[in-house]
Amino acid sequence: MPYLSPALNVMVAAARKAGRPLIRDFNELEHLQVSMKGPADFVSSADQRTEKILIEELVKARPGYSVFAEETGAHEGTDKTHRFIIDPIDGTTNFLHGVPHFCISIALEREGTLVSGVVYNPVTDDMYVAEKGHGAYLNDKRLRVAARKELPQSLIATGIPFMGRGPDSERKRSLKEVEAVVSRTSGIRRFGSAALDCAFVAAGRFDGYWERGLNAWDIAAGVLLVREAGGLVTDLNGGSDVLKGDILCTNEALHPQLLKLIRDAGK
Ligand code: 2AM
Ligand code: CA
Ligand code: CA
Ligand code: CA
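Residues numbered from 1 in each chain as written. Chains lettered and ligands numbered in written order. Predicted model: local features only at pLDDT ≥ 70, side-chain atom pairs only at ≥ 80, totals over all residues. Heavy atoms only, no water.

Some points on the overall build of the chain
Test applied: Numbering of helices and strands starts at the N terminus; helices are DSSP runs of H or I of at least 4 residues and strands are runs of E of at least 2. Here the globule rule reads 2.2 Å times residues to the power 0.38, and the radius of gyration is calculated from C-alpha atoms. When accessible area is computed with a 1.4 Å probe and restricted to protein chains, residues below 20% of their type maximum are described as buried, those above 50% as exposed, and intermediate ones as partly exposed. By definition in these notes, contact holds between two residues if any of their heavy atoms fall within 4.5 Å.
Each helix and strand in the chain was counted, giving seven helices and 15 strands. Its C-alpha atoms give the chain a radius of gyration of 18 Å, near enough to 18 Å, the size a compact globule of 267 residues would have. Buried positions account for 55% of the 267 residues belonging to the chain. Considering only contacts within the chain whose residues lie at least 6 apart along the sequence, 62% involve residues at least 24 apart.

As structure tokens, this is what we get:
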């Protein structure tokens, strides 16, 4: 059974509560209001309502904690040491197209360190949790990153900058990286949810995952899942600035090989 700290219990309960209406929305997509934050950057009434429920539930249980969430930004609490980082729907494009691959992502930081994380897919009812020092779980099952050591045996996930994210030069660099990785591995997957990509690495389904240009809310919970499953997470310089948005998650054996492949391709 997973170890659920009191805070992680609160986060799991909030994700479940917000997940129920989200499933109803997913089954009635035609009733949603959808607007655009930028080119190909959609937000729906489901993203906004999910975020509202999550913040209400979390702040009710932990008054004073700060919150940083995709749709409403920073909410400064009186407690400066704790911060929830929330992505109400990670994979909105999938959600809006009826593709059942999206999730709720909630992380908790204490003094700038990630201590608890939840990634919840309400369609499959898969609840991924991690608590610093206590491992990562999918429902009741302890997670461990894959043990594969060779690139040709590895299945690697990524995200390719969509229209509107960053300049063309960044998209070209990502496509060069994709070309390098696809030609040296068992293949690439681009599923469209950064948090679930991390969760799949933690579960040993994907051997690695990299992406550039993300935000902290996309990956905060996922980073803790991978670390607690025994994986290695760095930025794409090999450093520890992982919440800045350029990320590589994999096991210790593949990490140096993938990092070199990706960096050499982008030069
Ligand atoms: P979002 O669904 O919360 O916006 C995958 O590349 C990541 O990029 C996802 O975590 C997704 O988070 C974000 N993203 C934002 N806009 C996107 C788009 N138009 N297509 C794909 N991913 C998008
Ligand atoms: Ca979004
Ligand atoms: Ca996201
Ligand atoms: Ca989102």
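So much for the structure itself; the text now carries on.
Focus: the site of ligand 1
Inclusion rule: Consider each residue's heavy atoms; a residue with any of them within 4 Å of a molecule or strand counts as near. We call two N or O atoms a polar contact when they sit within 3.5 Å, provided that within protein one can donate a hydrogen and the other can accept it, with sequence-adjacent residues counted only if both atoms are side-chain atoms. Under the convention used here, a 1.4 Å probe and the Shrake-Rupley method define accessible areas, while residue burial counts only the protein chains that appear. Cavities and pockets are found on a 1 Å grid laid over the protein atoms alone: a cavity is a set of points where a 1.4 Å probe fits but cannot escape, a pocket is an open set with protein on both sides within 12 Å along at least five of seven lines, and a lining residue has an atom within 4 Å of such a point. To decide whether a molecule occupies a pocket or cavity, check its atoms: if more than half lie within 2 Å of the grid points, it is inside. Polarity classes work like this: nonpolar for Ala, Val, Leu, Ile, Met, Phe, Trp, Tyr, Cys and Pro, charged for Asp, Glu, Lys and Arg, and polar for all others, with Gly in that last group.
For ligand 1, the set of nearby residues contains 16 residues, the closest of which are A40, D90, G91, R165 and E211. Within the contact set of ligand 1, an oxygen atom lies 3.2 Å away from a side-chain nitrogen or oxygen of R190. Protein chains shield 91% of the accessible area of ligand 1, which is 460 Å² for the free molecule. In this structure the site holding ligand 1 corresponds to the largest pocket. When contributions to the shell around ligand 1 are tallied by element, the ones reaching two or more residues are β5 (79-90) and α3 (92-96). If one sorts the elements of the shell around ligand 1 by residue count, β5 sits on top with three residues. In terms of residue class, the shell around ligand 1 is built from five nonpolar, four polar and seven charged.

Some points on helix α7 (residues 254-266)
Stated precisely, the cut-off is as follows: Expected span of a helix, by definition, is 1.5 Å for each gap between consecutive residues, and there is one gap fewer than residues.
Given a rise of 1.5 Å per residue, 13 residues ought to cover 18 Å, and the 18 Å separating the end C-alpha atoms of α7 matches this to within 8%. Those residues of α7 that are buried lie in contact with β11 (155-158), α4 (168-182), β13 (208-211), β14 (232-234) and β15 (247-250).

A closer look at the layout of surface pockets
Stated precisely, the cut-off is as follows: Grid points are joined across faces, edges and corners, and a volume is the space filled by probe spheres set on the points.
Here the largest pocket defines a volume of roughly 630 Å³. Contributing to the lining of the largest pocket are 28 residues, with D41, T93, F162, R165 and D218 lying nearest its centre. For the lining of the largest pocket, the elements supplying multiple residues, two or more each, are β1 (34-38), β2 (41-44), β5, α3 and α6 (216-228). Of the residues contributing to the lining of the largest pocket, the split by class is eight nonpolar, 10 polar and 10 charged. Here the second largest pocket defines a volume of roughly 200 Å³. Residue classes in the lining of the second largest pocket are distributed as one nonpolar, three polar and eight charged.

So, the state of the cysteines
The cut-off we apply is this: For this text, the term disulfide refers to a pair of cysteine sulfurs within 2.5 Å.
Counted according to the given criterion, the structure contains zero disulfides. In this structure C103 is a free cysteine whose sulfur lies 9.4 Å from that of C198, the closest cysteine sulfur available. Not engaged in a disulfide, the cysteine C249 finds its nearest cysteine sulfur in C198; these two sulfurs lie 4.0 Å apart.

Focus on the packing of aromatic side chains
Heads up, the rule is: Within 6.5 Å between ring centres, the rings of Phe, Tyr and Trp (the latter by its six-membered ring) count as paired, and their orientation is classed by plane angle as stacked under 30 degrees, edge-to-face over 60, tilted in between. Charge-over-ring placement is defined geometrically: NZ (Lys) or CZ (Arg) within 6 Å of the ring centre, and within 35 degrees of the ring normal.
This model, assessed by the stated rule, comprises eight aromatic pairs. An aromatic cluster is present here, built from F26, F95 and F102 joined pairwise through their rings. The side chain of R205 reaches across the aromatic face of F200, ending 4.5 Å from its centre.

Quick word on the sheet that holds β5
Note the threshold: Two strands pair if DSSP finds at least two bridges between them. Axis definition: a line fit to C-alpha positions, over the contact stretch in the case of helices; interaxial angles, taken between N-to-C directions, run 0 to 180 degrees.
The eight strands lie next to each other as β4-β3-β5-β6-β7-β8-β9-β10, forming an open sheet whose pairing is mixed. Two strands lie at the open edges of the sheet, namely β4 (73-75) and β10 (141-142), each paired on one side alone. Looking at chain direction, strand β3 (residues 65-69) and β4 are connected through three bridges and run antiparallel. Bridge pairing links V67 to H75 in β4. Against the sheet, helix α2 (residues 45-61) touches β3, β4, β5 and β6 (103-110), its axis set at about 150° to β5. Its contacts with the sheet put helix α5 (residues 194-202) on β5, β6, β7 (113-121) and β8 (126-131), and the angle it makes with β7 is roughly 100°.

Some remarks on the coordination of the calcium ion (ligand 3)
Stated precisely, the cut-off is as follows: Coordination here is defined by N, O and S atoms within 2.8 Å of the metal (3.2 Å for Na, K and Ca), and since water is not considered, a site can look incomplete.
Every protein donor of the calcium ion (ligand 3) is accounted for by D87 (OD), D90 (OD) and D218 (OD), and the metal-donor separations fall at 2.1 to 2.2 Å. Along the chain, the residues donating to the calcium ion (ligand 3) are arranged with the sequence spacing D-x2-D-x127-D. Separating the calcium ion (ligand 3) and the calcium ion (ligand 2) is a distance of 5.3 Å.

Observations concerning α6
An ideal rise of 1.5 Å per residue puts 18 Å on 13 residues; α6 measures up with 18 Å between its terminal C-alpha atoms. Across the 13 residues of α6, 12 count as buried, placing the element largely inside the fold. Among the residues of α6, A216, W217, D218, I219, A220, A221, G222, V223, L224, L225, V226 and E228 are the ones counted as buried. Note on α6: the residue one or two positions beyond its end, G230, has a positive phi of about 90°.

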